[in-house]
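Summary of structural features
What follows is each chain in one-letter form.
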Amino acid sequence: MTRENENPGTEDTVNEADESEIEVGPSKSWAAGVPGVYHSLKPAVEQMGVTRTAKTLLALNQKDGFDCPSCAWPDPDHRKTFEFCENGAKAVTWEATPVVIGSDFWAEHPISDLLTRSEYWLGMQGRLTEPVYKSASDDQYHPVSWERAFRIIADKLNSLDSPNEAAFYTSGRTSNEAAFAYQLFVRAFGTNNLPDCSNMCHESSGWAMGQTIGVGKATITYDDFGKADLIIVMGQNPGTNHPRMLTALEEAKDNGAQIVAVNPMQEAGLQRYKNPQRVKGIIGRGTKLADQFLKIRLGGDMALLQALSKRVLDAEAKAPGTVLDHDFLERHCQGLDALRDHLARLDDTAVLEATGLRASEIDELADRYLRADRVIITWAMGLTQQKKAVPTIKEIINLLLLRGNIGKPGAGASPIRGHSNVQGDRTMGIWEQMPPAFLDAIEREFGFGPPREHGLDAVQTIKGMRDGAIKVFLAVGGNLVAAISDTTAAEAAFSAAEMTVQISTKLNRSHAVVGREALILPTMGRTEIDRQASGEQFVSVEDTVCAVHPSWGKVEPVSPTLLSEVAIISRLASATLGDRVAVDWAGFERDYNLIRDHLSRVVDGCDGYNEKIRREGGFVLPNGPRDSRTFHTPTGKAMLTVNDLESIERPAGTLILQTLRSHDQFNTTIYGHNDRYRGVKGGRHVVFVSPEDLAELGLADGQRVDVHTVSNDGVDRVLRGFRVVSYETARGCAAAYYPEANVLVPLDHVAEGSNTPVSKAVIVRLDPVSADRDEIAEDVFSASGS
Ligand SMILES: Nc1nc2c(c(=O)[nH]1)N[C@H]1C(S)=C(S)[C@@H](COP(=O)(O)OP(=O)(O)OC[C@H]3O[C@@H](n4cnc5c(=O)[nH]c(N)nc54)[C@H](O)[C@@H]3O)O[C@H]1N2
Ligand SMILES: Nc1nc2c(c(=O)[nH]1)N[C@H]1C(S)=C(S)[C@@H](COP(=O)(O)OP(=O)(O)OC[C@H]3O[C@@H](n4cnc5c(=O)[nH]c(N)nc54)[C@H](O)[C@@H]3O)O[C@H]1N2
Ligand code: SF4
Ligand SMILES: [Mo]
């Protein structure tokens, strides 16, 4: 640990990518394999040394270790010694690095300097270790004591005219214990303003599934993958974002399943997997994953799903009684006749136009669906971040219900969550619209009446800050200013706040773009041993298939001055609320069992939590559709729904742009500047376009362009000097990396019903950079009124 306490904040220690040196080679047709192992271990050993690397990576995802802080993919029941992937290793290394930010950092780097730094540079400065405060008159953070920090925040909160003038954000890494304590504090303070990363992520899944089957979570368990006949992976890039899902898909293939990928990009991880734990993955060609790949147009999934359901209904009409699951439909579902009538009028030409697919491709997938008894459909951001996301996901439910593919082994609907505990946070009450039953339970358990009116979500919070209605913004984790759409508008909103507070492990843009007063409270991460007065604590998390399990930190915290998230929240609550509510905040911090005892009486399905969480491997939360085909909808039945198709209008000369993740990032955290599977090296300022569209637009691979949003609100949103990359993607579509491309997404461009930013379909125009401006613009991102 030779680098401990060394301030690495100099340019020479962090090599920023020189975007003009970007290299683009062929994309890969397979994922993981031996290079994956190499890429996971090299940075770990370099940054943490051999001992800390061994301690962290060998404990990663083990039953007595800590849960991977990266994605929400579940762990199999039988664990191997290495139960992680390259990107899990990157996340752990990024957090457990012993490099820390020293006290002298803040004078060397005032806010005006932090504002010029990239996310990559900020993250590479090392772990935050002491609370810091920027006063209204200052351009610089100064170290302050924990007590002073809590006093400043508490006084500010208590000075507000209404509790609704504050918003309390959560990113999905927060543990169940911290999340429960946090929402309790916020509701006791008096507001439901609890925006979270879910608002930008799977919110659309929650709405669509809640309205149709009564629960917004996956209706499968991990083992169902091994029992499926067909798995359809839609709008998801598991090779990068849920890498160990490839192992589950490989095992499903071993058991005879077919896999179909629906994606505008030829993602490597959907094509072939070289499992580094298998001989054929090391020296062989690995396993071919997708039996069929549908290169769909952005936003075309709703049309595809309707066309599939129509083919199912047509097949039933030809051979009555043989295709639909009549018993299931009669006993458990409602709405079949209306759906049949609606789909009878489906316009086939509109389907082909919206999907960009051939009718034969749709027929082929329909045949596969009809031949399979057990079907799982998984999806992620390609579906949820669309204007019609909610009805699109309702169409997934329609298709599954028609053949009884919900509530039987090897079948179901499976949104694949992003952040490692985003689902658990919601279960614990992090939602601006928690239902009355939950609020009643809080009232019974704690003896105060929580506010009943709905709070603000993420987009509404930004608008509230912009308009002066939200004066204080506090975040447990995350990087909202960079993660939300319309960067320029979001930055103006953050700057207009009276106070911004971030509880974080590492620096990011939300520490540079701040309100008049600003604080950073450094916290321990999940890798670190959490010692409290009653002894070592564990926390618990819920994965994407509703399995809840404990997580034990394994390495020494990078600094003795750090507090856990539970401790920070408890002390802040106590400083703010005094004895306004009868909650034993000090007891929460002393012994997390106390929090678990409370939540077991408040949160649905969590009775006996303290006992169940200690069972080997934890426990699985109850789920009506999965367990007993019980549907908690107003009618008590699963709802087949009728949804009107609406295609995305794309004026001539424009493209539909999606914003997505590279292989070298976790959301706004940039680990490096390569996107190995897509063949990009040494830069991120690229825009992927199909060779045919490039030809039609008169552009060439390698050319520099300005990417403009086409909108009619008078704002010119632009990314300047991006390199065009010729890439296998659907016609009329383009892609650029998030978060940089957020500057292009208008704040009002949101999904109907879920208010999620439409990050996967923005109409753009590519303007060639003129010859006299061939150098790369200094200020590459901007949006200005015209
Ligand atoms: N390493 C790593 N892991 C992560 C993350 C990370 O940043 N890095 N982020 C985590 C989080 S919070 C989340 S939410 C998940 C995100 O996981 P993903 O949803 O896989 O993430 P994206 O990179 O946004 O990829 C979206 C995929 O959907 C496709 N797509 C886009 N639009 C459409 C469409 O209209 N139709 C269809 N069918 N496909 C479309 C894109 O081509 C791309 O393959 O990953 C989690 N895991
Ligand atoms: N254009 C576009 N925008 C998007 C998306 C997209 O696909 N395209 N995806 C959306 C999605 S799916 C999501 S989930 C959001 C993500 O939005 P956020 O969750 O807000 O962003 P992250 O980048 O995951 O947050 C990273 C920061 O969290 C802090 N952190 C890390 N670990 C911990 C911890 O253990 N405790 C605490 N307290 N802090 C920690 C670190 O300071 C780090 O810098 O972005 C959304 N925005
Ligand atoms: S698949 Fe996700 S949870 Fe599992 S090790 Fe990889 S990043 Fe971590
Ligand atoms: Mo996410």
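Residues numbered from 1 in each chain as written. Chains lettered and ligands numbered in written order. Predicted model: local features only at pLDDT ≥ 70, side-chain atom pairs only at ≥ 80, totals over all residues. Heavy atoms only, no water.

What follows is about the sheet that holds strand β3 (residues 132-134). Spatially, six strands are ordered β4-β3-β16-β15-β14-β5 in an open sheet, and the strand pairing comes out mixed. On the outer flanks of this sheet lie β4 (142-143) and β5 (166-170), each paired with one strand and no other. With two bridges connecting them, β3 and β4 associate as antiparallel partners. Residue pairing for β4: V132 is matched across the bridge by P143. (Pairing = 2+ DSSP bridges. Helix = DSSP H or I, 4+ residues; strand = E, 2+ residues; numbered from the N terminus.)

Let us look at the UniProt feature "domain: Molybdopterin dinucleotide-binding" (unreviewed entry) in the protein chain. Taken from the UniProt record, the annotation "domain: Molybdopterin dinucleotide-binding" (unreviewed entry) applies to residues 655-761. Spanning residues 655-761, this segment combines 7% helix with 36% strand, and its end C-alpha atoms are found 9 Å apart. (UniProt positions renumbered as here; feature names shortened; annotations may be inferred.)

Close to ligand 1 lie 32 residues, the nearest being N263, E267, D301, Q665 and N667. A distance of 2.6 Å separates an oxygen atom of ligand 1 from a polar atom in the side chain of E267. One nitrogen or oxygen atom from the main chain of N667 is found 2.6 Å from an oxygen atom belonging to ligand 1. Compared with its free state, where it exposes 920 Å², ligand 1 has 99% of that area covered by protein. Put simply, the parts of the chain that give the shell around ligand 1 at least two residues each are α9 (238-241), α18 (381-384), β23 (655-660) and β24 (665-666). For the shell around ligand 1, the leading source of residues is α18, giving three residues. Of the residues belonging to the shell around ligand 1, the class tally is 12 nonpolar, 16 polar and four charged. Each of two domains, domain 2 (213-415) and domain 3 (655-784), supplies a minimum of three residues to the shell around ligand 1. (Near = heavy atom within 4 Å. Polar contact = N/O pair within 3.5 Å; in protein donor to acceptor, adjacent residues only side chain to side chain. Areas by Shrake-Rupley, 256 points an atom, 1.4 Å probe, with all protein chains shown as cover. Nonpolar A, V, L, I, M, F, W, Y, C, P; charged D, E, K, R; others polar. Domains from an automatic or database assignment.)

With domains assigned, the protein chain is organised as domain 1 (105-196 + 437-615), domain 2 (213-415) and domain 3 (655-784). For domain 1 and domain 3, the distance between their C-alpha centroids amounts to 32 Å. Taken residue by residue, the interface counts 17 residues in domain 1 and 20 residues in domain 3. Summing the contributions of domain 1 and of domain 3, the shared interface buries around 1,500 Å²; its carbon and sulfur component is 54%. For the domain 1 face of the interface with domain 3, the top three residues by lost area are Y120, S485 and D486, together amounting to 35%. Run the count over domain 1 and domain 3 and you get two salt bridges. The partner of D486 in a salt bridge is R717, with the nearest N and O atoms 2.8 Å apart. Where domain 1 touches domain 3, the interface holds 11 residue pairs in polar contact (both at pLDDT 80 or more). Among the elements of the structure, α5 (119-124), α22 (458-467), α23 (480-483) and α24 (487-496) are those that each provide at least two residues to the side of domain 1 that touches domain 3. Sort the elements by how many residues they give to the side of domain 1 that touches domain 3 and α22 lands first, with five residues. When its residues are assigned to classes, the side of domain 1 that touches domain 3 shows six nonpolar, five polar and six charged. (Contact = heavy atoms within 4.5 Å. Buried area = accessible area lost by both parts, 1.4 Å probe. Salt bridge = Lys/Arg side-chain N within 4 Å of Asp/Glu carboxyl O.)

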